[in-house]
Amino acid sequence: MEDIYWILQADKVYRFLQNNKRLDGRKFDEYRKAVIVRDFSKNADGSAYVKLGKTEVIAGVKLDLGQPYPDTPDEGGLSTGAELLPTASPEWEAGPPDPQSIELARVVDRCIRESKGIDMKSLCIREGELCYVIYLDFYVTNYDGNLFDACSLAGTAALMNTKVPKVENDKIVKGEYIGKLKFTKKPLLTTFVKLKNYILLDPSLEEDKILDARLHVATTEDGKICAFQKGGSGSFTPKEIESCVELALKKSKELRSLL
Amino acid sequence: MRVDGRKNDELRKIKFEVGVLSRADGSCYVEWGQNKIIAAVYGPRELLPKHLANPYRATVRYTYRMATFSVPDRKSPKPGRREIEISKVSAEALEKAIFLEKYPNTAIDVSVQIFDSNASTRVAALSAAACALADAGIAMRDLVSAVSVGRANGEYVLDLRKEEEDAPDAVDLAMAILPNTEEVVLFQMDGIITKEECSRLLKLGLKGCKMVYELQKKALKEKYMREV
Amino acid sequence: MSEKKERKVSRKIVIPGEVLTAERKKLGANVFLREGKIISSRLGLLQEAADKISVIPLEGKYLPKENDFIVGIITSEKYYGYTVDINSIYESTIYKRDLQKPLKIGTFISAKVSRVNELHEAELSNVKVLYGGEILKVSPVKIPRIIGKNNSMINLIRKYTKSFIIVGRNGLIWMNGGNIALAIEAIRIVESEAHLTNLTDRITKFLEKETKVKK
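Counting from 1, residues in each chain are numbered in the order their sequence is written. Working convention: letters from A go to chains and numbers from 1 go to ligands, in the order in which they are written. In view of the model being predicted, local features appear only for residues whose pLDDT reaches at least 70, and side-chain atom pairs are presented and counted only at 80 or more, with totals across whole chains, interfaces and linings using the full set of residues.

A.B. asks: Explain the interface of chain A and chain C to me, please; I cannot follow it from the model alone.
C.D. replies: Where interface size is given, it is often the accessible area lost as the parts come together that is meant. Each partner contributes residues to the interface: chain A has 5 residues there, and chain C has 7 residues. As a working rule, the residues Ala, Val, Leu, Ile, Met, Phe, Trp, Tyr, Cys and Pro are called nonpolar, Asp, Glu, Lys and Arg charged, and the rest polar, with Gly in that last group. Broken down by class, the residue content of the side of chain A that touches chain C amounts to 4 nonpolar, no polar and 1 charged. Distance between backbone-placed C-beta atoms decides contact: two residues are in contact if it is within 7 Å.

This is the structure in C-alpha cells:
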C-alpha cells in the first residue's frame, strides 16, 4: 500500500528538480540539519545518537576480548552490525539482519576500517593470542532517508568517545578503563543519489525511495578517500563520480565540524 | 539508606516524551534512571499471513529487544529467551487495556528497544508502550502503568536499581496495573517472601504504579501544550 | 508590540481511562461506561454538552463509516476490478462492472462509502475520477477542523490559494491548480494546531501575508 505514494511523489520530485528545487527547499548539494548527542548510553564503552533531518540512529561500542586474525597477529578486531528497527518504518519487521542492513553495516565498517583511523596495534594485548575486539552496533530508530551518512556520523562520534576497558588476568575488569581509544581521521561517508540525470546530496526519504543509483564516498580529515560503494540498479558516469568525490571532500567537512 | 540516597517509596528520575518518531503511528521515549528506551506502535494494521489473524479481535505483537551495548557485558544481537518471554507477558498485559474487539482481524505491533539499562527495563518499556498506544489513537479502557517493587538489604523499596537487584536478600517484583481499576496485568517475581510481605509489596507497588501513571498522563497531555 | 495571540488549548485534553463525569449523560463518541462513570477511551479533546459527552480524538487511523465522502488512489488492477488505497487498515475494491471506463494505477478518485463490514472493510459507490492534481495525506481525525464549521476553514484556504481542493473524510486531500504549496502549508498548520484557539484568525493572517508577498 505504501509503494503507490512513492511512485506518485516521484512525479512531484521530478517537477521540482526540473525547476532546480528539492521538495524540502534544499539545494542539490545541501545537507539537512544534523544533531549529535555523545555518550548516549552509559553501559556502552562509547556511544552517540545522531539525528540527520528526521533520520535517527544510535551507535554503541563495546570492547570485548578475542583472538587476533592469523594474518594480523599484532592487531585488534572490529566487528560492525546494523539493525533497521521496526520502530523506524512501517515495512521493517523484527528479525535477523536482511541484505539492506547488512550492506549498511559493511559499508560503514569499510569507511572506518579503511581510513586506518583506529590504531589497531594498540588493541593487541598478547601477539597472536589475545586482543581487544571493537563491536560497533547501529540501531536505526526512525528512517527519513540517508541511513549511511547518519550511521557513519554516529559511528565516528561513538568511537571518538570510546574508552578502553582495563584487562587483568585475560579478563575485562568491569567499570575500569585505561584511557580513550586511539581513533583519528574522523572518517565519514557522504552519500549522493542519482535521480534520472540529477545528482543530489543527502537524500530525503522520497529521494531514497525513487533513486536510480546511489554513491557513498568515505573521506578522512586529511582529505583522502578511503572507500566507495555504489548501490541501486542505475549507473554513474566517471565524470559524475569525480564531481561527487570533490563535493564529498568539501561537504564532509561540514559534518566533521560537528564532531 | 539506599545506594542512591532515595527514600524507600521514591522513584528514580523519570521522563516520558510522547510522539517523538515521525514514521510510527504512535511513539514514546522514556528516560527512567539510567534506562533509555524507545517504544513505537504501528497499527491497527493488516495482519499477514491472513490465517494468523484473529477474526474477532486485534492481535498484539510486542517485541522487546536490548541493544548489544545497553548492558555491562555486551549482549548478542540475537534475541534471547529472556527477551522473548518479556515480549510475551508484556503483550498480554497490554491486551487487557486495549479494546481489541474494536479492531478485528488486525495486528497492533508494539516495538520497544532498550539502549541503556539499569534494572526495571521491562516495566519502563511497558509504561512507554502504553503511552505510544494512546499516541497512536488506539481505543483503550485505561493506560498500563508499571513499576518494580521489592526487598533489598532488609528494606521494602520501590523501583529497584541493579545494585538492589543483586542484594543477597533481594526480591524483585515487576508489576503493571490498569491504574483506574487497579487490575494487575503483569506480575512477575524473583525471590522468596511470606504472605504478609506479598501484601506489603502489592500495596507499595500499587502506589508506585500510580506515581508512574501521573507522569504518563502529564507526558501525553504535554505533547499538545508544546509550543507549535 | 506584536505578539503571538494567546494560544490556548480549546478544550480539556483527556487520555484513555480518564474519568470524565459521574453524571448521567448520553454516551457520544469515544467514551464508555464503567460503574456509573463515563470514561474516555481515546487521547483527545473533551466535548461536553448539557446532555451528551464525547471525546474528539487527537490521533488515530481512519475507520470507514457509511456515507463518508472519501478520496482514494488506485493501487492495482485485478481481473474483476481495482484495489483502492483509502488510507485505512484495508484497501477497498471497485468492480469493473460498475465502471464506464477502465482506470489506471495511480489514478485519484473520490467516492462514497456505501457499506462497511465488521472488519472495517468498505464498499464504495459514486466513484468519480479526479484528473491531474496531487494528493496530501493528513491525520484523519483533523479533517473536521480542516473543513471547519460550514466549510469555513477549507473555503478560506480555497479563496487565498485559488486552488481546487477536495477533502476526503479519510484524511486524503486532493488539490489541483492555484498555489498548491501554500495550500499544503496552511493545511499542515491547521493539522498541527487543530486543538488550539484562534486558529481561524491565525490562518487568515498567514494566508494574507503569504499572498501579499507574492505580488
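Still more to cover.
A.B. asks: How should I be thinking about the sheet that holds strand S1 (residues 13-14) of chain C in this particular structure?
C.D. replies: Strand pairing in a sheet takes place through backbone hydrogen bonds and is either antiparallel or parallel in direction. One open sheet holds the 4 strands; their spatial order is S1-S6-S7-S3 (chain C), and the pairing between them is mixed. Across the chains shown, the open sheet's two edge strands, defined by having one partner strand only, are S1 and strand S3 (26-27) of chain C. Two strands are counted as paired when DSSP detects at least two bridges linking them. Helix and strand definitions follow DSSP, with helices as H or I runs of at least four residues and strands as E runs of at least two, each counted in order from the N terminus.

A.B. asks: Where do I start with the sheet that holds strand S4 (residues 31-34) of chain C in this structure?
C.D. replies: All names here are of chain C. A sheet is described by the order of its strands in space; here 3 strands give the open sequence S2-S5-S4, paired in antiparallel fashion. For this open sheet the edge positions go to strand S2 (19-21) and S4, each flanked by a neighbour on one side alone. Looking at each pair of strands side by side, their axes are set apart by 45 degrees on average, direction ignored. In this sheet, strand S5 (residues 37-40) lies alongside S4 in antiparallel orientation, the contact comprising 4 bridges. Looking across to S5, one finds that Arg34 is bridged to Lys37. To get an axis, fit a line to the C-alpha atoms, keeping to the stretch in contact for a helix; angles then go from 0 to 180 degrees between the N-to-C directions.

A.B. asks: Even after reading the chapter, I still don't get the interface of chain B and chain A, so can you show me in this structure?
C.D. replies: Between chain B and chain A, the residue contacts involve 26 residues of the former and 29 residues of the latter. The set of elements that each furnish at least two residues to the side of chain B that touches chain A consists of strand S3 (35-46), strand S4 (59-66) and strand S5 (106-116) of chain B. Among the elements that line the side of chain B that touches chain A, the one with the most residues is S5(B), at 5 residues. Along the lines of polarity and charge, the residues of the side of chain B that touches chain A split into 11 nonpolar, 9 polar and 6 charged.

A.B. asks: How do you make sense of unusual backbone geometry when you look at a structure like this?
C.D. replies: For residues besides glycine, phi is generally negative; the peptide bonds are generally trans as well. Backbone torsion omega between Gly43(B) and Pro44(B) reads 0 degrees, so that peptide bond is classified as cis. If you trace the backbone, Pro44(B) turns up in strand S3. Following Leu48(B), the chain continues into Pro49(B) via a peptide bond in cis, with omega recorded as 0 degrees. For Asn105(B), which is not glycine, the phi dihedral falls at a positive 70 degrees. Its place among the elements puts Asn105(B) in the loop between helix H1 (81-97) and S5. Phi is positive for His120(C), close to 70 degrees, though the residue is something other than glycine. Tracing the backbone through its elements, the reader meets His120(C) in the loop between strand S11 (108-116) and strand S12 (122-130). Neighbour density around each residue's C-beta defines its exposure: 20 or more other C-beta atoms within 10 Å make it buried, 12 or fewer make it exposed, and counts between make it partly exposed, where C-beta atoms are placed from the backbone. Note on His120(C): 20 C-beta atoms within 10 Å, which makes it buried.

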